[in-house]
Amino acid sequence: MFAKIVFPLPFRNAFTYSIPPEFESSAKVGVRAVVPFGKRILTGYIIDICSKAETDHSIKNIKDILDDKPIFDKDSLKFYEWISEYYLSSLGEALRNSVPYGSDVETKRKIVVDQKYCIDIFDKEKNQKTLKSLLLKTLAEKETHSIYSLQKKLKKKNIYHAIRSLEKEGALSVLDELDEGKVRVKKLKFVKLTANLDEVYNLLPEIERRSPKQVVLLLELLSNPTEEIQQTLLLNKTKSSQSSLNSLIKKEIVEVFEKEVVREYQDEYSEETKKIKLTGNQKKVIDEIIPSVAANEFGAFLLHGVTGSGKTQIYIELTKAVIAGGKTAIILVPEISLTPQITSRFVNVFSDKVTVLHSRMSLGERYDSWRGIISGRYSVVIGARSALFAPLKNIGLIVVDEEHDSSYKQNEIVPKYQARDSAVIRANLSGCPILLGSATPSLESMFNAEQGKYKLLELKERIDDAKLPSIKLVDVTYEQKQKKMDNAFSHILLEEVDKRLTRKESVIILQNRRGFSTQVFCQDCGEIELCGDCSVSMVHHINRNIIQCHYCGQTRPVPRACQNCGSLSLKFFGSGTQRIEDELAYHFSKAKIDRMDSDSISKKGDLSFKLNSFRKGEIDILVGTQMVSKGMDFPNVTLVGVVSAETTLWLPDFRADERTFQLLTQVAGRAGRSKIEGEVIIQTQNKNHFVLQRVLKNDYDGFYKNELKLRKSGEYPPFTRLALIESRNENEKKAQEAIKDFYNRIKQLKTNLKLLPPVPALISKLRGFYRYHLMIKSYKHLDPGGKHLRQSINDAMIDYNQKSKFRDIKLIVDIDPQNVL
C-alpha cells in the first residue's frame, strides 16, 4: 500500500510513500506521518491511500505514524482544499492549521562553531562590514547556533552560501538533528496500595518499629485505600524521602506507575449562574434557526442585535439544542479578551463539555485540548480564529461572534484566511447552520443579507429593560480655546467621571494607543525618533523608561538628546493608555484605576484577574485600547469616555470610516447595561464628521447606506474582490523591481482585472524589510467567485517564479486583505 502525503511547505505537489507492514493498520487518511524528505525528516499529512504508486521514482518508506485517530476525514479534507485553493496556498500549508504548534517531528539544522578559528578569520578580513565578516563575528559569540537565529541577528535571509564557504574552511559544522516536537503527552508517577488492607495493618507494627518514616506514607495511603495519589504530592505532604517509598515498593506493599495527566486551561474569571428568561425577540431569532439545526442543513444567518440585546444567550440556547441532538458546536470570538466571559457562561451551562483554544494557553494545554476534541471528550469549542480548525466531528452549529472584527483575518502566515468567510464554507460542507452576530455588522455581511445570501435577524432592544446610552460629542478644539482642557481630558469628561465615582459606579476610558507618548520629537530640528527597522515612530513606555516599536518590538533607552542635532529640547507628544492612566490617577487619587492593553496583560491570568476585579467593583476606572470595546458585559458601568475619536478615522485605509463607526458604537455599548442609564462622552476634533454623527444617533442603517455608496464609487468591497501582492527585501531597489516585474507579467495576461500601479506600502519598511504593494481588483459582476482573479495571479506567479531574474524575492499574496497598510 502507498500513501499520498502533503507537507506544510509552499509547493502544491503530493508525494508518494510506501507503507511498511507495521503501519498498514494505522496509516489512514487524516493522520500525520513522519517521512524522509530529501536530506531531512519531516511530518506530513496523509491525504490518500492507494494500492498502486503513480511514479517511476524510487519510493521511500514511512518512518512513523504520529496519530492514533485521524485529524480529518475525506469530507473535512474538502474544507482544507477550499482554503488552499481560495487563499492561494499549498494544501499542506492549509492543513498546518489543523494541528497545534510544536507537535510535529522534523529535522532541525544546528551549527557548531570553532569560536577561536572564527575570531582568527575575522581578524584577517580586510573589510569587516561584509556579510562574511558579520557572520564570523556573530558565530564567534557562542558555540552553537540555529540558522533562524543567525538570520534574525544579521537581518539577512540569504546566508546559506556564506555558511557553506565557512564550513569548507573548517570554521563550523552543520549538523541535522531530529526534533521530536516541543510538546507531547504528559505522564506523572502515581502510587497506590497493592497489598490487601488486612495484610497492611498486620505489617504496620513491624514497619513502625524498624522504619517509622514508612508508616507515615502508609497511613496517608490508608486514608483513601482505593485511591491513587501523585508521587510528588504524597512525598511533599508526608515530608518523606524517595528511599522510604522505594522500601515499600520492594516489600510489594505499594506500586508506582505512570499515568497520563490532562493539562486543562484554568481561567480565573468566573460568573455566577443566572436564571435567564428569554425575551419574545430572542425566542423569534431562535425559532428561525432551530429548523436548520434539527434538519442538519446549511443556513447562513446574520444577527444584527444592538449592544446588550442578549446575543450570547441565543448562542447558548442554540448550542443546547445542538448538544441534545448529539452534535457539536464551534463558537468563535475575535480576541482572547472576549473568551473569559463567554467561556464562563458556556461552562455554567455545559460544564466539562466545553474547551477553549487560543494563544494564551501553554503548548501543553493547547495540545491536550486538541487531543480531547479528537477523542470526543468535548462537544463545544470556544476560541479565536484558529478554533475554526478544531477537529470536531458531527458539527451542528458554528457561531461567529462580533463577526465584523478584523481580528478574524490571519495576517501573519500563509494561508491568509478570513475566519468568518471560511466558517461559512465549513458550515456549508458540514451541513449545519452558521450564525454571524454583531451590533455593527460588516458592510460585506449586511450586503450579503440584502442579496439573499444570508438571512437577516434583528434584535433592536436591550434586555432587562435597559436603554441604549445617551451619547455626547465634545469638540476638544473649542474646549481648548475656552481653556477647558486639562491635557488629554476635557472638563466635561472629568466632571462626569467624578459623578460616577461619587455614586460608586464604574467607568471605562478608551484610548486606542498603547504606551505613554506616541512620538518623541526634537523641537529644534523637527526630527522624530523612528524605529531603525520600520518606518514608524517609536513609542515612549514610561514604566520601563524605554522607547519601543509596536511593529517589530525593538526597544531603546529614552534619548537624553536629539540624535540628529544634539539638542536637549525633546518633546513627548501624543497620549497612550499609560499617560491616560497617569493623568486619571492625578485627578482621582483615591480611585482604583487599572489598564487593559497588550502590555498590561502579557502574563497568563492577568486578563481574567482584571476582569474579575472590575466585575466585583475592585477597579473603579478601567483604561484600555480596543480590548475594552468588545463584548464586555458589566452592569455597573454607567460611563464610557473616548479620549480621541480620530485614532482610527485618519488612517489612509478604505475601511477607516467603517472601523471607527464600529469601534465607537461597540465601546458605547459597554455603558448602561442595567436599569441605571448609561452615558458616553466622545472627545473629537471634528464633531461634524459624518461617521461621528451616525454614532451620535446610533444610526447603523444611515451609516451603511452612505458607506455603501462610497464603496461603489471607489470600486471597493462588497462590489469588488481585492488581492494585495507584496514584495519585501532588505534592498529597497530589489523589492521595487520585483513587484514591477510581477505587475508587467500579470498585465500581459490582458484580463478584466483592474491593476493599480505598484507603490511603496504605507508602512514602507517593516522589521528591516522594504515593502511594495500591488493592489488588484476583480469586479464581482464579472467574476462572482473570484476564480478568474486567482487563476490570473497563479499564472503570473508561475511565470514570475520560472523566468524572472527577481524570483529569489518571494511575493506574498493576500486575498481579501483587511489591512492595506
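Here is a short report on the structure shown in this document. These numbers were taken from a predicted model, which means no experiment stands behind them. All residue numbers refer to positions counted from 1 along the written sequence of the respective chain. pLDDT decides what is reported in this predicted model: residues at 70 or higher carry local features, side-chain atom pairs at 80 or more are listed and counted, and totals for whole chains, interfaces and linings draw on all residues regardless. Hydrogens and water molecules were not included; the side-chain quantities draw on all heavy atoms of the structure.

Now for the overall build of the protein. Secondary structure follows DSSP: runs of H or I at least 4 residues long count as helices, runs of E at least 2 residues long count as strands, and numbering of each begins at the N terminus. Within the protein one finds 26 helices and 36 strands. For the radius of gyration, the atom set is restricted to C-alpha positions; the globular benchmark scales as 2.2 Å times the number of residues to the power 0.38. For 821 residues, the compact-globule estimate of 2.2 N^0.38 gives 28 Å, and the C-alpha radius of gyration of the protein, at 30 Å, lies within 12% of that figure. Each principal axis of the C-alpha distribution contributes one length, and for the protein these read about 90 × 70 × 65 Å. A simple rule labels every residue: compare its accessible area, found with a 1.4 Å probe on the protein chains alone, to the largest value its type can have, and call it buried under 20%, exposed over 50%, or partly exposed in between. Scored against the burial criterion, the 821 residues of the protein give a buried share of 53%.

Okay, the pairing of strand β17 (residues 433-438) next. Looking along a regular strand, one sees the side chains alternate between the two faces of the sheet. Where burial is concerned, most of β17 is hidden: six out of the six residues are buried. Neither face of β17 is open: one carries Pro-433, Leu-435 and Gly-437, the other Ile-434, Leu-436 and Ser-438, and all of them are buried. Relative to β17, strand β16 (residues 395-401) runs parallel, the two sharing four bridges. Among the inter-strand pairings, Ile-398 is bridged to a residue of β17, identified as Ile-434. The parallel pair β16 and β17, bridged by helix α15 (residues 419-430), forms a crossover whose chirality is right-handed. Strand pairing is defined by DSSP finding a minimum of two bridges between the two strands. A right-handed crossover is one whose linking path, passing over the helix from the first strand to the second, runs clockwise when the strands point away from the viewer.

Inspection of the secondary structure puts Lys-409 in the loop between β16 and α15. Take Lys-409: its relative accessible area is 1%, and that puts it in the buried class.

Before going further, it helps to examine the sheet that holds strand β5 (residues 64-65). The five strands are arranged β2-β1-β4-β3-β5 in an open sheet whose pairing can be described as antiparallel. Every interior strand has two partners, whereas the edge strands, β2 (15-18) and β5, have only one.

Another point: the side chain of Ser-90. Looking at the secondary structure, you find Ser-90 in the loop between α1 (74-86) and α2 (91-95). Beyond its immediate sequence surroundings of up to four residues, Ser-90 is in contact with Phe-7, Leu-9, Pro-10, Phe-11, Arg-12 and Ser-84. Any pair of residues with heavy atoms lying within 4.5 Å of one another is described as a contacting pair.

To pair, rings of Phe, Tyr and Trp, with the six-membered ring standing in for Trp, must have centres within 6.5 Å; the planes then decide the type, stacked if under 30 degrees apart, edge-to-face if over 60, and tilted in the middle. Under the counting rule described, the total for this entry stands at 26 aromatic pairs. Centre to centre, the rings of Phe-15 and Phe-37 are 5.3 Å apart; their planes meet at 85°, and the pair counts as edge-to-face. One end of the pair, Phe-15, is in strand β2; the other, Phe-37, is in strand β3 (residues 32-37), and 22 residues separate them in sequence. We call a charge positioned above a ring when the Lys NZ or Arg CZ atom is no farther than 6 Å from the ring centre and deviates by at most 35 degrees from the ring normal. Across from the ring centre of Phe-190, 5.0 Å away, lies the NZ or CZ of Lys-259, which sits over that ring. Sitting over the ring of Tyr-716, Lys-777 keeps its end group 3.9 Å from the ring centre.

The next point concerns the pattern of salt bridges. The term salt bridge refers to a side-chain nitrogen of Lys or Arg lying within 4 Å of a carboxyl oxygen of Asp or Glu. On inspection of all chains with the given rule, the structure shows 51 salt bridges. The salt bridge partner of Lys-237 is Glu-220, with a shortest N-O separation of 3.1 Å. Placement of the pair is Lys-237 in helix α9 (residues 231-238) and Glu-220 in helix α8 (residues 212-222), with a sequence separation of 17 residues. Lys-237 sits in the exposed class, given a relative accessible area of 57%. Among the ionic pairs, Arg-263 bridges to Asp-368, the shortest N-O distance being 2.8 Å. You can see Arg-263 sitting in the loop between β11 (254-260) and α11 (280-295) and its partner Asp-368 sitting in helix α14 (residues 363-375), a full 105 residues away along the chain. Note on Arg-263: relative accessible area 19%, which makes it buried. Ionic contacts of the salt-bridge type, sharing partners, join the residues Lys-472, Glu-496, Lys-499, Arg-500, Arg-503, Glu-505 and Glu-679 into one network.

Positionally, Glu-271 belongs in the loop between β11 and α11. Residue classification places Glu-271 among the buried positions, given a relative accessible area of 14%. Throughout this description, a polar contact denotes any pair of N or O atoms lying within 3.5 Å of each other; where both atoms belong to protein, one of them has to be capable of donating a hydrogen while the other can accept it, and for residues adjacent in sequence the pair is counted only when both atoms sit in side chains. A distance of 2.6 Å separates the side chain of Glu-271 from the side chain of Tyr-269, its partner in a polar contact. Side-chain polar atoms of Glu-271 contact the side chain of Arg-345, separated by 2.9 Å.

This part takes up unusual backbone geometry. Cis rather than trans, the peptide bond between Val-414 and Pro-415 has omega equal to 0°. Within the secondary structure layout, Pro-415 lies in the loop between β16 and α15. Note the cis peptide between Pro-717 and Pro-718, where omega equals 15°. In this structure, Pro-718 sits in the loop between α24 (700-714) and β32 (720-729). The phi torsion at Asn-296 lies on the positive side, around 55°, for a residue other than glycine. As for its placement among the helices and strands, Asn-296 is situated in the loop between α11 and β12 (299-305). Owing to a relative accessible area of 47%, Asn-296 belongs among the partly exposed residues under this scheme. You will see that Asn-545, though not glycine, has its phi angle at about 55°, which is positive. Inspection of the secondary structure puts Asn-545 in the loop between β24 (539-541) and β25 (546-548).

The sheet contact formed by strand β34 (residues 759-766) and strand β35 (residues 769-779) spans four bridges and is antiparallel. Residue pairing in the sheet places Val-759 in a bridge with His-773 of β35. If you look at the hairpin formed by β34 and β35, you'll find two residues sitting between the two strands, and Arg-767 has a positive phi there, around 55°.

This part takes up the environment of Tyr-417. Note that Tyr-417 resides in the loop between β16 and α15. For Tyr-417, a relative accessible area of 1% puts it in the buried group. Linking Tyr-417 and Thr-648, residues 231 residues apart in sequence, is a C-alpha distance of 23 Å. Those residues in contact with Tyr-417 that lie beyond four places of it in its chain are Ile-83, Tyr-87, Asn-97, Arg-385, Ser-386, Phe-389, Tyr-408, Lys-409, Gln-410 and Ser-422.

The next point concerns the packing of helix α16 (residues 443-450) against α24. Each axis is a line fitted through C-alpha atoms, taken for helices only over the stretch in contact, and angles between the N-to-C directions span 0 to 180 degrees. Closest axis-to-axis distance for the α16/α24 pair is 11 Å, and the angle between their directions is 95°. With respect to their mutual orientation, α16 and α24 come out roughly perpendicular. Within the contact between the two elements, α16 uses Leu-443, Glu-444, Met-446, Phe-447 and Glu-450 and α24 uses Tyr-700, Phe-703, Tyr-704, Glu-707, Leu-708 and Arg-711. Following the grouping adopted for this structure description, the nonpolar residues are Ala, Val, Leu, Ile, Met, Phe, Trp, Tyr, Cys and Pro, the charged ones are Asp, Glu, Lys and Arg, and the polar ones are all others, Gly among them. Within the contact of α16 with α24, the residues separate by chemical class into seven nonpolar, no polar and four charged. Any angle that is under 35 degrees is reported as roughly parallel, and any over 145 degrees as roughly antiparallel; angles of 65 to 115 degrees are reported as roughly perpendicular and all others as oblique.

Taken together, three strands build an open sheet; the order of strands is β10-β9-β11 and the sheet is antiparallel. With partners counted over all chains shown, the strands left at the sheet margins are β10 (229-230) and β11, one partner each. Pairing between strand β9 (residues 187-193) and β11: seven bridges, direction antiparallel. Within β11, the position partnered with Leu-188 by the bridge is Lys-259. Strand contacts of α8: β9, β10 and β11, with the helix running at about 90° to β9, the strand carrying the most contacts. In the packing of helix α10 (residues 242-250) onto the sheet, contacts are made with β9 and β11, and the angle to β11 comes to roughly 110°.

Here the nonpolar core consists of buried residues drawn from Ala, Val, Leu, Ile, Met, Phe, Trp, Tyr and Cys, with membership extended through side-chain atoms lying within 4.5 Å. Residues Leu-95, Ile-434, Met-596, Ile-725, Phe-742, Ile-776 and Ile-793 are the most contacted members of the largest nonpolar core, which totals 111 residues. Setting aside anything within four residues of it in sequence, one finds Met-596 in contact with Ile-601, Leu-607, Leu-611, Leu-622, Val-623, Gly-624, Thr-625, Met-627, Val-628 and Met-632. By size, the runner-up hydrophobic cluster in this structure holds 31 residues, among which are Ile-323, Phe-346, Phe-350 and Val-354.

Let's shift gears to helix α22 (residues 656-668). For α22, which comprises 13 residues, the first-to-last C-alpha distance of 18 Å matches the rise-based estimate of 18 Å (1.5 Å per residue) to within 8%. Burial runs high along α22: 11 of the 13 residues are buried. Helices are assigned an expected span. That span is 1.5 Å times one less than the residue count.

Let us now look at α11. With 16 residues, α11 extends 24 Å between its outermost C-alpha atoms, agreeing within 8% with the 22 Å of an ideal straight helix rising 1.5 Å per residue. To get the bend at a residue, fit one axis to the 7 residues ending there and another to the 7 starting there, then take the angle between the axes. The principal kink in α11, of about 30°, is found at Ile-289, preceding the proline Pro-291 by one to four residues. Residues of α11 that are buried in the fold lie against β12, α12 (311-324), β16, β17 and β18 (455-459). Count one or two residues on from α11 and you reach Asn-296, which has phi positive near 55°.

Orientation of α11 relative to α12, taken along the N-to-C sense of each, is 30°, at an axis distance of 10 Å. Relative to α12, the crossing made by α11 is right-handed. Here Gln-282, Val-285, Ile-286, Ile-289, Ile-290 and Val-293 of α11 lie close against α12, whose contacting residues are Gln-313, Ile-314, Glu-317, Leu-318, Ala-321 and Val-322. Across the contact of α11 with α12, the residue classes break down as nine nonpolar, two polar and one charged. Each crossing is labelled by how the near helix is turned from the far one, with a counterclockwise turn of less than a right angle marking it left-handed and a clockwise turn marking it right-handed.

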